[in-house]
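Chain by chain, the residues:
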Amino acid sequence: KYTYYTAEIALPVRPLDFFLGKRPWEIRAEDRELPGWIELRELLDRKEPFRGLSVILNSTADKPTKITFAGVPLFDNEGNFIGFRGTTTDNSNEYQLEAGMRSIRDALNQIDVGVSLWDQNNKLVWCNNRVRKITGISQDFFEPGREYREYITAVYDINVVKNENVDKDDWIESRNREFSEGSGDVLSWHADGSVINVSKYDLADGTKVVFTFDVTEASIREAEIKKAWQIAETSSAAKSQFLSSVSHELRTPLNAIMGFTQLLASNPGEPLSKKQGEFTTIVHEASKHLLFLIEKILDLDKIEAGETGCILNKLNPAEIIRKSVAMSEGLYLTHKIPIIDNTLGMDLPLVLADETHLQQIFLNLLSNAVLYNRTGGHVTINAAKFPDDYLRIEVFSTGEGLTAEQQIVMFDPFKRLGREAGEIEGTGIGLTICSELISLMGGKIGVESELGVGTTIWIKLPISPE
């Protein structure tokens, strides 16, 4: 039964105290026999930790509601069970996006253009039915993880016109190099007389989208190129939506991988060896990082498409700073990088901003300041009112500092400023998102840095009129 909860758990039509003393499945009588609730009750009865348990609620709205639970059992010093501590997450948007992705995939299977998606290691993620039809390769061949070199070898063996002046190994190596080096079009002549055009586009996250056209007849070629172009390139907004949706297809297998690694790691009946545990952890963390990358790309696409809401209110920036520092505590304690908040005790003016966006910005700036600091360094937060009716807040880190060239591109997407090969994982779009969100709120963002001294990222927010 609920004994404590945060305000976010409350339904819009329920008072906060409605949940006290009730079990999750007792909140809505019409949902009690849903499979998810039954599984949750069994887990709670067994007093086992769990996460990622989802329930689809019967909703009176147009769209269903997906709730995801996680929890760990609590025991006192004598080993007596005393209850559970857990979280409840509304994943309705994710559920609806997955349904939309299935629709997009079904639609792509209906068009007469071959579409395939390949990851950063040139391994197959997904392809539509048209690719199989054009190449004549069996469906079993197109399993996720198939290397591109294997694919073009099969294409050569089955389709390509053999020419005594063309060496098979040279042809395959040439196609593989063209695929790896950049975007472009390649023509190949098949034994049945057809001419196939393959167009490849590199996405910002390193994945590749390949369009395969049968261009034997000029009229068909023109029509099908136009159709694919309308989906992927003609409109920048349509392109962004399409590419982000295709990238989102990675979420399903990655979630499955993470779920199975968690099951393997937490199975007391069949414990893993130390080496197996290490491998499982590596797979889980790599999958989690890729999911994080996908989420950031989707966030950026949503902002650029103007689909991110922005509600400006009078806010006390000191409160947002305190909350952000508190939420970053685990990070700076782990890395032993203290955060010095010089705004404590300052009488800061109210600003006009969106609370959620502003906190997201501070969390990102503090995270970067800690992660890209140096041993024995620190992070400092300062604030000052400017004559142009803006409040300037600075986050300074004693890192390596940035060159003038690096400062120019710092807020460009997918720029990691030479840290790509470092130990710190990242997407290179965190600051881009910060810049976009600041613009939505009518603010400004900038950087000042000195090599060997450190870097200051500053934001300026409009001060609320009296």
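Burial within strand 4 (residues 114–118) is extensive, with five of its five residues counted as buried. Judged by which residues are buried, strand 4 turns out to be covered on both faces: Gly-114, Ser-116 and Trp-118 on one side and Val-115 and Leu-117 on the other are all buried. Alignment of strand 4 against strand 8 (residues 208–214), held across five bridges, turns out to be antiparallel. Considered in strand 8, the bridge of Val-115 is made with Phe-211. Relative to strand 5 (residues 124–127), strand 4 is paired through three bridges, and the arrangement is antiparallel. Across the sheet, Leu-117 pairs through a bridge with Trp-126, a residue of strand 5. Taking the residues between adjacent antiparallel strands as the criterion, strand 4 and strand 5 are bridged by five residues, where Asn-122 takes a positive phi near 60°.

The subject of this paragraph is the packing of helix 10 (residues 317–327) against helix 12 (residues 355–371). As a packed pair, helix 10 and helix 12 sit with axes 9 Å apart at the nearest point and diverge in direction by 45°. The angle between helix 10 and helix 12 falls in the class oblique. Remark: the crossing between helix 10 and helix 12 carries right-handed chirality. For the pair formed by helix 10 and helix 12, the contact residues are Ile-320, Ile-321, Lys-323, Ser-324, Val-325 and Met-327 on the first element and Glu-355, Leu-358, Gln-359, Phe-362, Leu-363 and Leu-366 on the second. Within the contact of helix 10 with helix 12, the residues separate by chemical class into eight nonpolar, two polar and two charged.

Time to look at the sheet that holds strand 2 (residues 65–75). Ordered in space as 1-2-3, the three strands form an open sheet in which the pairing is antiparallel. The open sheet has two edge strands, strand 1 (50–57) and strand 3 (81–90), and neither has a second partner. Put simply, the sheet's adjacent strands are angled 30° from each other on average, direction ignored. In terms of strand pairing, strand 2 meets strand 3 through nine bridges, oriented antiparallel. Paired with Val-72 across the bridge in strand 3 is Arg-85. Packing against the sheet, helix 1 (residues 35–46) makes contact with strand 1, strand 2 and strand 3, and its axis sits at approximately 150° to strand 1. Relative to strand 2, helix 2 (residues 92–108) is tilted by about 130°, and along the sheet it contacts strand 1, strand 2 and strand 3.

In this section: the pattern of salt bridges. Enumeration over the complete set of coordinates arrives at 12 salt bridges. A salt bridge links Lys-275 to Glu-278; the shortest N-O distance between them is 3.4 Å. Separated by three residues within a single helix, Lys-275 and Glu-278 lie in helix 9 (residues 274–304), roughly one turn from each other. Residue Lys-275 is classed as partly exposed on the basis of its relative accessible area of 47%. What you see here is one network of salt bridges that share partners, running through Glu-143, Arg-146 and Glu-150.

The next point concerns helix 1. Over its 12 residues, helix 1 runs 17 Å from end to end, which matches the ideal 16 Å to within 8%, given 1.5 Å per residue. Among all positions of helix 1, only Gly-36, Trp-37, Leu-40 and Leu-43 are buried. Considered in projection along helix 1, the buried side chains sweep an arc of 125° and stay on one side of the axis. Opposite its buried face, helix 1 presents the exposed residues Pro-35 and Asp-45, each directed more than 90 degrees away. Turning to helix 1, the residues buried within the fold contact strand 1, strand 2 and strand 3. In the segment just after helix 1, Lys-47 is the residue with positive phi, at about 55°.

If you trace the backbone, Ile-445 turns up in strand 14 (residues 444–450). It is 6.3 Å that separates the C-alpha atoms of Ile-445 and Lys-460, two residues lying 15 residues apart in sequence. Non-local contacts of Ile-445, meaning those with residues more than four positions away in its chain, are made with Phe-411, Cys-434, Ser-435, Ile-438, Ile-457, Trp-458 and Ile-459.

The next point concerns the packing of aromatic side chains. Scanning the entire structure with this criterion turns up 13 aromatic pairs. Taking the centre distance of 5.2 Å and the plane angle of 50° together, the rings of Tyr-156 and Trp-171 count as tilted. Pair noted here: Tyr-156 is in helix 4 (residues 148–158) and Trp-171 is in helix 5 (residues 168–181), with a separation of 15 residues, a long-range link. Comparing Tyr-156 with Trp-171, the two get one shared label, buried. Taken together, Trp-118, Phe-141, Phe-142, Tyr-148, Tyr-151 and Phe-179 form an aromatic cluster joined through their ring pairs.

Bringing the nonpolar core into the picture now. Ile-339, Leu-358, Ile-361, Val-379, Ile-393, Ile-459 and Leu-461 are the most contacted members of the largest nonpolar core, which totals 39 residues. Of all the secondary structure elements, the ones that give two or more residues to this core are helix 10, strand 11 (351–353), helix 12, strand 12 (379–386), strand 13 (390–397), helix 14 (430–440), strand 14 and strand 15 (454–462). Element by element, the count of residues in this core is highest for helix 12, at seven residues. Leave out the neighbours within four places in its chain, and Val-379 touches Ile-337, Pro-338, Ile-339, Ile-340, Leu-366, Ala-369, Val-370, Asn-373, Val-395, Phe-396 and Ser-397. Among the nonpolar cores identified, the runner-up in size contains 17 residues, and Leu-124, Ile-137, Phe-141 and Tyr-156 belong to it.

Here is what the cut-offs are and how they apply
- Residues numbered from 1 in each chain as written.
- Predicted model: local features only at pLDDT ≥ 70, side-chain atom pairs only at ≥ 80, totals over all residues.
- Heavy atoms only, no water.
- Buried < 20%, exposed > 50% of the residue type's maximum accessible area, 1.4 Å probe, protein only.
- Helix = DSSP H or I, 4+ residues; strand = E, 2+ residues; numbered from the N terminus.
- Pairing = 2+ DSSP bridges.
- Axes fitted to C-alpha atoms, helices over the stretch in contact; angles between N-to-C directions.
- Parallel < 35°, antiparallel > 145°, perpendicular 65-115°, else oblique.
- Left-handed = near helix turned anticlockwise from the far one by under 90°.
- Contact = heavy atoms within 4.5 Å.
- Nonpolar A, V, L, I, M, F, W, Y, C, P; charged D, E, K, R; others polar.
- Salt bridge = Lys/Arg side-chain N within 4 Å of Asp/Glu carboxyl O.
- Expected span 1.5 Å × (residues − 1).
- Arc of directions from axis to C-beta.
- Phe/Tyr/Trp six-rings, centres within 6.5 Å; stacked < 30°, edge-to-face > 60°.
- Core = buried A, V, L, I, M, F, W, Y, C linked by side-chain atoms within 4.5 Å.

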